[in-house]
Amino acid sequence: MSSTTPVGVISTFQTPSRSRVPDLTYVEMAQQAALGALKAANMRPDDIDAVVFSMAPTFFMGVKDADRWAVDHIFGTGKPMFRVHTGGSTGGSAVHAAQALIASGMFRSVLIVGAEKLGETPDAQEILNLTFDAFYERDMPLSTNTSVALFCSRYMQKYGITQRDLAHAPVRQRGNAMKNPNAHLRGDITLDDVMDSPMIAYPLKLYDICPRSSQSAAMILGDLETTAAFQSRPAFVNGIGSTSDSYWLGDRMIPAARADVSELEIGGIAGREAMSRAGITRPVGQIQVAEFYDPYSLLGYLQLEQLGFCEKGKAPLLDADGAFDIDGGFVAVNPSGGTLCSNPIGVTGLARAIEAANQVMGTAGDIQVTGVHNAISSALGGMGQFANYTVFGDDHL
């Protein structure tokens, strides 16, 4: 990082990801996460200088600007606090905002907290479709499912990949999630199970697509002195990268010389920037864990290829050989189960960052990968319009 102020992860906390959380209000969920992170660090509210609130659209639960409702409950009264919202990439953006507040020397400690009650709406997809342009794209009708399905079809045609090849991602990640008590979907499924699941938008089947989840999460970041006072084995935010793209999908296809829009070039730009800032020159070998925002089976593979872990069109084939298993010896991809197993949109990116940081801190429990020195997390939003990556290391630069 170019900053002279190292930023460390002091503590993290997540509630279990589930379809619905009927016994808690939104603010009670947010408070549960904030309290959990404070207790994990043996900190008090007065030890927090500022709050960053991670919250995507609140249409899902029908409450406008729920961050204002939550201020008192997350100990934000009397402190600087602001909300971050970049769609699905919100949680990752919140981590970057908190990192900047500390790296600038403005604050010593920042609490990142958010909650999502996605299960409150009867049709999350209808709300997500509001992402698309009302005059052209929605009339097609484009949605997150149909758009990624088109990306999948293009990828399969271009590289000779089959539906069965893509099915390795949900098989691996649901298996990983069996050891993660916070995961929403888990199970010992097979390639045949994925292939036999209902077709949603060709070639995407039900098991190729994430669930809609409700969850809350929190992370506390601090400067070097504060981190040392509360955490003996921190993870450091050593590299961040973020970029955005045009709103209209059609505009991303021109000029003709531009890279194929279906290959998530935006992720490669942001990911390589984060790795460069963290001093990562060879992702294979230098990064032991990747926690990707991958709500569809294809998206994890695209990110692996864009970041240089393997050649384009090769990630599904490597997965078939076990390269991305927890003990695969290449890089452990989504040992938590990833977004394919849990997607509480407003905090999904934060959850990915938490899982990556936990791996570096050695606090990942039954999904802990051995010998983790560096881990990378990602978050994507707005149908590939926003992308951000964070590299966590066991020592600061």
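Residues numbered from 1 in each chain as written. Predicted model: local features only at pLDDT ≥ 70, side-chain atom pairs only at ≥ 80, totals over all residues. Heavy atoms only, no water.

Locating Ile-220 in the fold gives a position in strand S7 (residues 214-223). Overall, Ile-220 belongs to the buried group, its relative accessible area being 0%. (Helix = DSSP H or I, 4+ residues; strand = E, 2+ residues; numbered from the N terminus. Buried < 20%, exposed > 50% of the residue type's maximum accessible area, 1.4 Å probe, protein only.)

With that settled, consider the pattern of salt bridges. Side-chain pairing between opposite charges can occur once the charged atoms of the two side chains come close. Counted according to the given criterion, the structure contains 10 salt bridges. Between Glu-263 and Lys-158 there is a salt bridge whose closest N-O contact spans 2.9 Å. With Glu-263 in the loop between strand S8 (235-244) and helix H10 (265-277) and Lys-158 in helix H5 (residues 144-159), the pair connects residues that are 105 residues apart, well separated along the chain. (Salt bridge = Lys/Arg side-chain N within 4 Å of Asp/Glu carboxyl O.)

Taken as a whole, this structure holds four aromatic pairs when the rule is applied. Relative to Phe-330, the ring of Phe-324 lies with its centre 5.9 Å away and its plane at 65°, an arrangement referred to as edge-to-face. Here Phe-324 falls in the buried class, since its relative accessible area comes to 0%. Relative accessible area serves as the criterion here: at 25%, Phe-330 is assigned to the partly exposed category. (Phe/Tyr/Trp six-rings, centres within 6.5 Å; stacked < 30°, edge-to-face > 60°.)

Now for a nonpolar patch on the surface. Taken together, Phe-135, Tyr-136 and Trp-248 make up a surface patch of nonpolar side chains, about 440 Å² in accessible area. Examined against the element boundaries, Phe-135 turns out to sit in the loop between helix H4 (124-128) and H5. (Patch = residues over 30% accessible without salt bridge, like charges linked within 9 Å, V, L, I, M, F, W, Y side chains within 5 Å. Areas by Shrake-Rupley, 256 points an atom, 1.4 Å probe, with all protein chains shown as cover.)

Attention now moves to the sheet that holds strand S12 (residues 386-393). Taken together, the 10 strands give an open sheet; going across it, the order is S3-S2-S4-S7-S1-S8-S12-S11-S9-S10, and neighbouring strands pair in mixed fashion. The two strands at the open ends of the sheet, each matched to only one other strand, are strand S3 (81-84) and strand S10 (332-333). Judged from the eight bridges that link them, strand S11 (residues 374-381) and S12 form a sheet pairing that is antiparallel. Bridge pairing links Leu-380 to Ala-387 in S12. (Pairing = 2+ DSSP bridges.)

In this section: the packing of H5 against helix H12 (residues 297-306). In contact at an axis separation of 11 Å, H5 and H12 are set at 55° when each is read in the N-to-C sense. Between H5 and H12, the interaxial angle falls into the category oblique. Here H5 runs over H12; the crossing is left-handed. Packed against H5, whose contacting residues are Phe-151, Cys-152 and Tyr-155, the element H12 presents Leu-298, Leu-302 and Glu-305 at the interface. For the contact of H5 with H12, the residue count by class is five nonpolar, no polar and one charged. (Axes fitted to C-alpha atoms, helices over the stretch in contact; angles between N-to-C directions. Parallel < 35°, antiparallel > 145°, perpendicular 65-115°, else oblique. Left-handed = near helix turned anticlockwise from the far one by under 90°. Contact = heavy atoms within 4.5 Å. Nonpolar A, V, L, I, M, F, W, Y, C, P; charged D, E, K, R; others polar.)

Looking now at the pairing of S11. Along S11, eight of the eight residues are buried, which leaves the element largely enclosed by surrounding structure. Side chains Asn-374, Ile-376, Ser-378 and Leu-380 of S11 all project onto a buried face; the interleaved residues Ala-375, Ser-377, Ala-379 and Gly-381 project onto the opposite face, where all are buried too. Sheet topology places strand S9 (residues 289-291) next to S11; three bridges connect them, and they run parallel. The partner of Val-289 across the bridge, within S11, is Ala-375. Linkage of S11 to S12, two consecutive antiparallel strands, is achieved through a turn of four residues, within which Gly-382 is found at a positive phi near 65°.

Bringing the layout of surface pockets into the picture now. Roughly 1,000 Å³ of internal volume is contained in the largest pocket. In terms of lining, the largest pocket is formed by 50 residues, of which the most central are Leu-128, Thr-144, Tyr-293, Tyr-296 and Ile-345. For the lining of the largest pocket, the elements supplying multiple residues, two or more each, are H4, H5, H10 and S11. Class assignment for the residues of the lining of the largest pocket results in 29 nonpolar, 13 polar and eight charged. (1 Å grid on protein atoms, 1.4 Å probe; cavity = no way out; pocket = protein on both sides within 12 Å on 5 of 7 lines; lining within 4 Å. Points joined across faces, edges and corners; volume = space filled by probe spheres on them.)

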